[in-house]
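Next come the chains, spelled out residue by residue.
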Amino acid sequence: MKYISKAAAAVLLTASMFAAGCGQVHIGTMDRERVHTEAPQIKAVIAEANEKLMEAQQEAQTKFEANPNMTAEEAQQLQMETQRKMAGLNQMYMIQYEQKLNVAVQDIAKEKELDIVLDAGSEKAPTVFTGGVDITDDVIGKLQ
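Residues numbered from 1 in each chain as written. Predicted model: local features only at pLDDT ≥ 70, side-chain atom pairs only at ≥ 80, totals over all residues. Heavy atoms only, no water.

## Observations regarding helix 3 (residues 40–66)
If you check helix 3, its first and last C-alpha atoms are 38 Å apart, about what 27 residues at 1.5 Å a residue would give, namely 39 Å. On the buried face of helix 3, the contacting elements are helix 2 (32–38) and helix 4 (72–111). (Helix = DSSP H or I, 4+ residues; strand = E, 2+ residues; numbered from the N terminus. Expected span 1.5 Å × (residues − 1). Contact = heavy atoms within 4.5 Å.)

Okay, here's the thing in structure tokens:
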């Protein structure tokens, strides 16, 4: 009985290796920090987000200055409203950032026939120490 389960496991392992291209996996790497600082489309999203956040902050400041006799409750309400608005803006622009980055990475991965793309630029824990195809420049070029 044990022989049958070991044989079945061996067959599954062999089949999975064939399905994955005889065990070869093509890995790409990307330095997310470089893309963040060098890709024009990403920089534009970040700049627009910062601009909208500053506008929301200035709008709240104007409301505070327009009503110097505001009660503590009204001030707290305005502050909470501003925080919610800024959190919503932050989330919206983070989604745009991730979508643009993901589309570019997926396009490059498809072009270069990569199975996996890893972030090699992490200072805390580099994901890839050696090997892989660096697609950072390709992603930056895609986000022109």
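## Overview of the environment of valine 133
Mapped onto the elements, valine 133 comes out in strand 3 (residues 133–134). Between the alpha carbons of valine 133 and lysine 112 there is a distance of 8.9 Å; along the sequence they are 21 residues apart. The residues touching valine 133, leaving out its near neighbours within four places in the chain, are Ile27, Gly28, Thr29, Lys112 and Leu114.

## Describing a nonpolar patch on the surface
Together, Val25, Ile27 and Ile116 give the surface a local cluster of nonpolar side chains, amounting to about 200 Å² of exposed area. Summarising the element assignment, valine 25 is placed in the loop between helix 1 (2–19) and strand 1 (27–30). (Patch = residues over 30% accessible without salt bridge, like charges linked within 9 Å, V, L, I, M, F, W, Y side chains within 5 Å. Areas by Shrake-Rupley, 256 points an atom, 1.4 Å probe, with all protein chains shown as cover. Salt bridge = Lys/Arg side-chain N within 4 Å of Asp/Glu carboxyl O.)

## Considerations on the packing of helix 3 against helix 4
In the contact formed by helix 3 and helix 4, the axes pass within 10 Å of each other and the chain directions differ by 175 degrees. Taken as axis vectors, helix 3 and helix 4 run roughly antiparallel relative to one another. Grouping the amino acids of the contact of helix 3 with helix 4 by side-chain chemistry returns 15 nonpolar, six polar and seven charged. (Axes fitted to C-alpha atoms, helices over the stretch in contact; angles between N-to-C directions. Parallel < 35°, antiparallel > 145°, perpendicular 65-115°, else oblique. Nonpolar A, V, L, I, M, F, W, Y, C, P; charged D, E, K, R; others polar.)

## Looking at unusual backbone geometry
Phi angles above zero are rare outside glycine, and glutamate 113 is one such case at about 55 degrees. As for its position among the elements, glutamate 113 is in the loop between helix 4 and strand 2 (116–119).

## Comments concerning the sheet that holds strand 3
With parallel pairing, the three strands of this open sheet are ordered in space as 2-1-3. Edge positions in the sheet fall to strand 2 and strand 3, since each has one partner strand and no second. Where strand 1 meets strand 2, four bridges bridge the pair, whose relative direction is parallel. If you follow methionine 30 over to strand 2, its bridge partner there is aspartate 119. (Pairing = 2+ DSSP bridges.)

## Quick notes on the side chain of threonine 82
Position of threonine 82 among the secondary structure elements: in helix 4. The residues touching threonine 82, leaving out its near neighbours within four places in the chain, are Ala56 and Ala60.

## Observations regarding helix 4
Compared with an ideal rise of 1.5 Å per residue, which puts 40 residues at 58 Å, helix 4 spans 58 Å between its outermost C-alpha atoms and is within 8% of the ideal. For helix 4, every residue scored as buried is listed here: Ala75, Leu78, Thr82, Leu89, Tyr93, Tyr97, Leu101, Ala104, Val105, Ile108 and Ala109. Of the surrounding secondary structure, the elements contacted by the buried residues of helix 4 are strand 1, helix 2, helix 3, strand 2 and helix 5 (136–142). Two residues or fewer past helix 4, glutamate 113 is found with a positive phi of approximately 55 degrees. (Buried < 20%, exposed > 50% of the residue type's maximum accessible area, 1.4 Å probe, protein only.)

## Thoughts on the pairing of strand 1
Successive side chains on a regular strand alternate, one facing one side of the sheet and the next facing the other. With two bridges joining them, strand 1 and strand 3 adopt parallel strand pairing. Bridging across to strand 3, threonine 29 finds its partner in aspartate 134.

## Brief notes about the environment of leucine 101
By the secondary structure assignment, leucine 101 is in helix 4. Under the relative-accessibility criterion, leucine 101 is labelled buried at 2%. The spacing of leucine 101 and isoleucine 42 is 59 residues in sequence and 7.7 Å in space, taken between C-alpha atoms. Those residues within four positions of leucine 101 in sequence are excluded, and the remaining contacts are Met30, Arg32, Val35, Ile42, Val139 and Leu143.

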